[in-house]
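Chain residues, written in single-letter form:
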Amino acid sequence: MRAEDLISTQPTPEAVAEALRRLPAPPPEAVEALRGKFSATQEQASSSAWPTFLEAARRKRDSRYADAPTSHRPVVGPALVMAKRAFRLTFQPFINEALRRQVEFNEAILEALALIHEHQRVQARTQTLWRQEVEKRLEQLDAHLPRSGPEVVPPGKPSGQDAGAEPARRKSRRR
């Protein structure tokens, strides 16, 4: 469907407003039932806590800063640690600039994943509510149906045939 197909000049907005004014007022119990359904599906304020599966990634999103350097070597270890610290101190502005866009990307991806997770949570909740509503309506419909079920026809005997009569033979395809 194209946008041009959706745009129309008939009926005019005034005609639609007039038709709405002529509609009868709905019963109050129907209005309350509808409000109850809307409030049940209305999105609740999401918690500020991040989803548990994103917590580790959130702590590691800033790749510009490394852990404190260590070394397992007994003699030259302290000298290596001091050299690593000096290197990091000297070149930290360059490291920050080189990884700035990566950090921005990491933050954007984490925000998008958190948003997707929140949408999926809300969608699952809404689907559950709709499923419960449909099941409730089906139970109401079942309650109004008569209890006698359809007549059961035994397998192999089409309805309308006499139980004692032999089934009609088919014509043979041989000549």
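Analysis parameters
- Residues numbered from 1 in each chain as written.
- Predicted model: local features only at pLDDT ≥ 70, side-chain atom pairs only at ≥ 80, totals over all residues.
- Heavy atoms only, no water.
- Helix = DSSP H or I, 4+ residues; strand = E, 2+ residues; numbered from the N terminus.
- Buried < 20%, exposed > 50% of the residue type's maximum accessible area, 1.4 Å probe, protein only.
- Contact = heavy atoms within 4.5 Å.
- Areas by Shrake-Rupley, 256 points an atom, 1.4 Å probe, with all protein chains shown as cover.
- Axes fitted to C-alpha atoms, helices over the stretch in contact; angles between N-to-C directions.
- Parallel < 35°, antiparallel > 145°, perpendicular 65-115°, else oblique.
- Nonpolar A, V, L, I, M, F, W, Y, C, P; charged D, E, K, R; others polar.
- pLDDT = per-residue confidence, 0-100.
- Phe/Tyr/Trp six-rings, centres within 6.5 Å; stacked < 30°, edge-to-face > 60°.
- Expected span 1.5 Å × (residues − 1).
- Bend = angle between axes of the 7 residues up to and from the residue.
- Patch = residues over 30% accessible without salt bridge, like charges linked within 9 Å, V, L, I, M, F, W, Y side chains within 5 Å.
- Salt bridge = Lys/Arg side-chain N within 4 Å of Asp/Glu carboxyl O.

## Overview of the overall build of the protein
1) Next: Within the protein, the regular secondary structure consists of 5 helices and 0 strands.
2) Next: Along the protein, helices (α) and strands (β) appear in the sequence α-α-α-α-α when read from the amino end.
3) Next: Within the span of the protein, comprising 175 residues, buried residues form 9% of the whole.
4) Next: Taking the intrachain contacts of the protein between residues at least 6 apart in sequence as the baseline, contacts between residues at least 24 apart amount to 73%.
5) Next: Accessible surface, the protein: about 16300 Å² in total, of which carbon and sulfur atoms supply 58%.

## Some remarks on the packing of helix H4 (residues 52–59) against helix H5 (residues 77–144)
1) Next: Packing of H4 against H5 leaves a shortest axis separation of 11 Å and a crossing angle of 170 degrees. In terms of their interaxial angle, H4 and H5 are classed as roughly antiparallel. For the pair formed by H4 and H5, the contact residues are Phe 53, Leu 54, Ala 57 and Arg 58 on the first element and Leu 110, Leu 113, Ala 114 and His 117 on the second.
2) Next: Here the residues of the contact of H4 with H5 are counted per class, giving 6 nonpolar, 1 polar and 1 charged.

## Overview of the confidence of the model for the protein
1) Next: Per-residue pLDDT for the protein has a mean of 81; in total, 78% of the residues score no lower than 70.
2) Next: Across the protein, element-level confidence peaks in H5 with a mean pLDDT of 90 and bottoms out in helix H1 (residues 3–6) with 71.

## Notes on the packing of aromatic side chains
1) Next: Tallied over the full model, the rule gives 2 aromatic pairs.
2) Next: Taking 6.2 Å as the distance between ring centres and 50 degrees as the angle between the ring planes, the aromatic pair formed by Phe 91 and Phe 94 counts as tilted. Separated by 3 residues within a single helix, Phe 91 and Phe 94 lie in helix H5, roughly one turn from each other.
3) Next: What links up through ring pairs into an aromatic cluster is the set Phe 87, Phe 91 and Phe 94.

## A short note on H5
1) Next: Taking 1.5 Å as the rise per residue, H5 with 68 residues should run 100 Å; its terminal C-alpha atoms sit only 84 Å apart, a clear shortfall.
2) Next: Along H5, the sharpest change in direction is near 65 degrees and occurs at Phe 91; proline Pro 93 comes one to four residues later.

## Quick notes on a nonpolar patch on the surface
1) Next: On the surface, Phe 105, Ile 109, Leu 113 and Ile 116 cluster together into a nonpolar patch covering about 360 Å² of accessible area.
2) Next: Tracing the backbone shows Phe 105 in helix H5.

## Observations concerning the pattern of salt bridges
Oppositely charged side chains can form a pair if their charged atoms are brought close together.
1) Next: Per the counting criterion, the structure on display carries 11 salt bridges.
2) Next: The salt bridge partner of Glu 104 is Arg 100, with a shortest N-O separation of 3.3 Å. One end of the pair is Glu 104 and the other is Arg 100, both in helix H5 and 4 residues apart, which spans about a single turn.
3) Next: Across the pair Glu 133 and Arg 137 runs a salt bridge, and its minimum N-O distance is 3.1 Å. Residue Glu 133 and its partner Arg 137 are located together in helix H5, separated by 4 residues, close to a single helical turn.
4) Next: With a relative accessible area of 46%, Arg 137 lands in the partly exposed category.
5) Next: The network of salt bridges with common partners includes Glu 55, Arg 58 and Arg 59.

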